[in-house]
Amino acid sequence: MTDAEIDYEVDAEDLTLAAPREIRDDAKPSLVVDDLHITYRVFGGKKLGTATQRKDSFVRKLLNQGRSHVGSVSEVKAVKGISFVARHGESIGIVGINGSGKSTLLRAVAGLIPPTKGSVYVAGEPSLLGVNAVLMGDLSGERNIMIGGLALGMTPQEVEASFDDIVDFSGIGNFVYLPMKAYSSGMAARLRFAISASAVPDILMIDEALATGDATFRNKSTERINKIREQAGTVFLVSHSLATVEAMCSRVLWVHQGELVADGPAKEVCAQYKAFVAKSRAKS
Ligand SMILES: Nc1ncnc2c1ncn2[C@@H]1O[C@H](COP(=O)(O)OP(=O)(O)OP(=O)(O)O)[C@@H](O)[C@H]1O
Ligand SMILES: [Mg+2]
């Protein structure tokens, strides 16, 4: 069964609503997200409607080809009032079905999209490592290491000094001299992880990247994540692999339709989310 076939409607009473988490006094907050709202404005988008309307819009779309500014403006409320506090040394998993707003939340925390409403306070420099990270497929891994390193705030000398480590860590060997578009998705993900983790950021955010790694790479990444945590950083991990999330994270946020429905110990929240997915599957 594919994800698209699953009915993910939730009954409010089935959910344990995110309770404000007990705040530990021993660690300083590295990140405060306060009533964050992110609304995307989509230009030229059509609201989903009935079959006839859809037919209409398909014809109109043909007529409007090449004129992307023609058409209505729709809004997608991707994040709807999320609040939480993250602390130094925490590794936090983010789970939720496709389109629930996980990547949007990370991009907002990384400062890549401005909040529509609410605020994000960050202590230190966040670094987002996502499957959509702005590395360039036409350029070699070598060039991308430089670009990625500079984007993380390293100096060219620092990037050069970490070059061998990054290549070693990624395990891509001589592929580093080939354009990234020649890489398998796993190789590309490993290189992205290696680049992002090389800078020892205050907040490391990983979007799905580890799902493609094999067991050896996952072990290496876990070690790296633990090292960042030890250096009092904070790690966020978005993944559809609950096993990975449970193995790497102490705390999990479950996002559903742009809202935070649970926030608590990894095991508990993953169990709730698993039960919810199983129930949704059984319904459909
Ligand atoms: N650039 C964009 N413009 C318009 N809408 C967007 C954009 N990016 C995401 N969305 C919409 O915002 C919502 C949340 O998307 P998001 O990518 O954050 O979900 P996600 O939880 O990361 O999903 P997945 O598990 O599939 O990666 C979805 O409805 C999506 O269609
Ligand atoms: Mg995503």
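Structural data are supplied above this passage.
I will try to describe carefully the structure that is included in this document. Keep in mind that this is a model prediction, so the values were computed, not measured.

1. Points about the site of ligand 1
Alright, step 1. In the vicinity of ligand 1 there are 14 residues, among which Gly99, Lys102, Ser103, Thr104 and His240 approach most closely.
Alright, step 2. Here an oxygen atom of ligand 1 sits 2.7 Å away from a polar atom, N or O, in the main chain of Gly99.
Alright, step 3. One of the side-chain N or O atoms of Lys102 is found 2.7 Å from an oxygen atom in ligand 1.
Alright, step 4. Coverage of ligand 1 by the protein chains reaches 64% of its 640 Å² of free accessible surface.
Alright, step 5. Elements supplying a minimum of two residues to the shell around ligand 1: strand S1 (29-43), strand S2 (73-87) and helix H2 (102-109).

2. A closer look at the nonpolar core
Side chains of nonpolar character tend, in soluble globular proteins, to be buried together.
Alright, step 1. In this structure, Ile145, Leu191, Trp254 and Tyr273 are the most contacted members of the largest nonpolar core, which totals 43 residues.
Alright, step 2. Residues Ile94, Leu105, Leu106 and Phe236 belong to the second largest nonpolar core, which totals 23 residues.

3. A look at the pattern of salt bridges
Alright, step 1. This model, assessed by the stated rule, comprises seven salt bridges.
Alright, step 2. The residue Asp263 makes a salt bridge to Arg251 at a minimum N-O spacing of 2.9 Å. Note that Asp263 is positioned in strand S9 (residues 259-265) and Arg251 in strand S8 (residues 251-256), a separation of twelve residues in sequence.
Alright, step 3. Residue Asp263 is classed as buried on the basis of its relative accessible area of 13%.
Alright, step 4. When its relative accessible area of 2% is taken as the criterion, Arg251 is described as buried.
Alright, step 5. Taken together, the shared-partner salt bridges in this structure form one network comprising Glu90, Arg251 and Asp263.

Cut-offs and rules
Here the residue numbers are simple positions, counted from 1 along each chain's written sequence. In the order they appear in the text, chains get letters beginning with A and ligands get numbers beginning with 1. Under the rules for a predicted model, residues below a pLDDT of 70 receive no local features and side-chain atom pairs below 80 are neither given nor counted, while totals for whole chains, interfaces and linings still include all residues. Each side-chain value is worked out from all heavy atoms of the structure, with water and hydrogens disregarded. Throughout, near means a residue has at least one heavy atom within 4 Å of the molecule or strand. We define a polar contact as two N or O atoms separated by no more than 3.5 Å, with the added condition that, inside protein, one atom must be a possible hydrogen donor and the other a possible acceptor, whereas residues neighbouring each other in sequence contribute only through side-chain atom pairs. Accessibility throughout is a Shrake-Rupley quantity obtained with a 1.4 Å probe, and a residue counts as covered only by protein chains that appear here. Counting from the N terminus, the helices are DSSP H or I runs at least four residues long and the strands are E runs at least two residues long. Only buried residues count toward a nonpolar core. Its members are Ala, Val, Leu, Ile, Met, Phe, Trp, Tyr and Cys residues joined through side-chain atoms within 4.5 Å. Exposed residues in this analysis have more than 50% of their type's maximum accessible area, buried residues have under 20%, and partly exposed residues fall in between, with area computed by a 1.4 Å probe over protein chains only. Here, a salt bridge means any Lys or Arg side-chain nitrogen found within 4 Å of an Asp or Glu carboxyl oxygen.

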